[in-house]
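These are the residues of each chain, in order.
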Amino acid sequence: MKAASRNAFLGAAIFAGAAVAAALAAMLIHGVPHPDRSLSETLAIQLNFSLAASIAAALSYFMVWRFGWRLRCEPLLGRALIVGCSTVMIGHLLIGLVYGFLLLVESFVLPDPPLWTRGLNFLVLGMGIFVAAYGWYLTLPLGIAAAALAEWLERRQEATAA
């Protein structure tokens, strides 16, 4: 049980890192620079998106891992496709909720929160759809690659343990 939980945390960390890379790449590709925002506001927005993506990816990997949505008889690529695609799809559903929670916490922590952190607006509700529509070409390949890496590390550990 201890080795399995370590594998789950390692897989979640791999998926969180891949989600941060995908979020930052998507913001570079699709982000429209606003001249009225300062550098600190731009960095804070990017940090919030990246943090929401990493938390959503880690939570979705834990859900996939916990419910055992993996086929033990599949080859490595088949398992990576199943785990990667299902983790990315669940992560896309969770990212709007996680981002909304982060905005809510930030609006309570900051004494005078900036305009983009006030309230849970349409951006939070439509974020999962937006991420799926505009980022699928980044998130799906990175999710499959992260799943392949996590599965390969798990197989390597099982082979050394046996």
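These numbers come from a predicted model, not from an experiment. (Residues numbered from 1 in each chain as written. Predicted model: local features only at pLDDT ≥ 70, side-chain atom pairs only at ≥ 80, totals over all residues. Heavy atoms only, no water.)

Asks: Before we move on, can you summarise the overall build of the protein with the specific residues and values?
Replies: A count of helices and strands for the protein gives 4 helices and 0 strands. What you see in the protein, going N to C, is helices and strands ordered as α-α-α-α. The contacts in the protein between residues at least 6 apart in sequence include a share of 82% that link residues at least 24 apart. With the model as given, the accessible surface of the protein reaches about 9,600 Å², and the carbon-plus-sulfur share is 75%. (Helix = DSSP H or I, 4+ residues; strand = E, 2+ residues; numbered from the N terminus. Contact = heavy atoms within 4.5 Å. Areas by Shrake-Rupley, 256 points an atom, 1.4 Å probe, with all protein chains shown as cover.)

Asks: I'd like to hear about the pattern of salt bridges, residue by residue, with values.
Replies: For the structure on display, the rule yields 1 salt bridge. Linking R79 and E151 is a salt bridge whose minimum nitrogen-to-oxygen distance equals 2.4 Å. Of this pair, R79 sits in helix α3 (residues 76-109) while E151 sits in helix α4 (residues 122-161), placing them 72 residues apart in sequence. Note on E151: relative accessible area 1%, which makes it buried. (Salt bridge = Lys/Arg side-chain N within 4 Å of Asp/Glu carboxyl O. Buried < 20%, exposed > 50% of the residue type's maximum accessible area, 1.4 Å probe, protein only.)

Asks: I'd like to hear about the side chain of T139, residue by residue, with values.
Replies: Within the element layout of this structure, T139 appears in helix α4. Of the polar contacts made by the side chain of T139, one reaches the side chain of H92; its length is 3.3 Å. (Polar contact = N/O pair within 3.5 Å; in protein donor to acceptor, adjacent residues only side chain to side chain.)

Asks: How would you sum up the nonpolar core? Please name residues and give values.
Replies: Core analysis: the largest hydrophobic core is formed by 28 residues, its most contacted members being F15, A52, Y61 and V83. Elements that contribute at least two residues to this core include exactly α1 (2-30), α2 (39-67), α3 and α4. Filtering out sequence-adjacent residues up to four positions away, F15 remains in contact with A57, Y61, V83, G84, T87, G143, A146 and A147. (Core = buried A, V, L, I, M, F, W, Y, C linked by side-chain atoms within 4.5 Å.)

Asks: Residues and numbers for the packing of α2 against α3, please.
Replies: The interhelical angle for the contact between α2 and α3, taken along N-to-C directions, is 135°, at an axis separation of 6 Å. Considering their axes alone, α2 and α3 lie oblique with respect to each other. The element α2 and its partner α3 pack so that their crossing is right-handed. In terms of residue class, the contact of α2 with α3 is made up of 19 nonpolar, 5 polar and 1 charged. (Axes fitted to C-alpha atoms, helices over the stretch in contact; angles between N-to-C directions. Parallel < 35°, antiparallel > 145°, perpendicular 65-115°, else oblique. Left-handed = near helix turned anticlockwise from the far one by under 90°. Nonpolar A, V, L, I, M, F, W, Y, C, P; charged D, E, K, R; others polar.)

Asks: Would you mind going over a nonpolar patch on the surface in detail, with residue names and values included?
Replies: A surface patch of nonpolar side chains, about 460 Å² in accessible area, is lined by L28, I29, W136 and Y137. Only α1 and α4 provide two or more residues apiece to the nonpolar patch. The topology assignment puts I29 in helix α1. (Patch = residues over 30% accessible without salt bridge, like charges linked within 9 Å, V, L, I, M, F, W, Y side chains within 5 Å.)

Asks: Explain α2 to me, using residue names and the numbers behind them.
Replies: Two residues of an α-helix separated by three or four positions point the same way, owing to the 3.6 residues in each turn. With 29 residues, α2 ought to run about 42 Å at 1.5 Å a step, and its terminal C-alpha atoms sit 42 Å apart, in line with that. With its phi angle positive at about 70°, G68 sits one or two positions after the end of α2. (Expected span 1.5 Å × (residues − 1).)

Asks: Go over the packing of aromatic side chains with me, naming the residues and quoting the values.
Replies: The description of an aromatic ring pair rests on the distance of the ring centres and on the angle between the ring planes. One pass over the full model with this rule turns up 4 aromatic pairs. When the centroid spacing of 5.3 Å and the interplanar angle of 75° are considered together, the rings of F9 and F62 count as edge-to-face. Of this pair, F9 sits in helix α1 while F62 sits in helix α2, and the two are 53 residues apart along the sequence. For F9, a relative accessible area of 55% gives the class exposed. Centre to centre, the rings of W136 and Y137 are 6.0 Å apart; their planes meet at 90°, and the pair counts as edge-to-face. (Phe/Tyr/Trp six-rings, centres within 6.5 Å; stacked < 30°, edge-to-face > 60°.)

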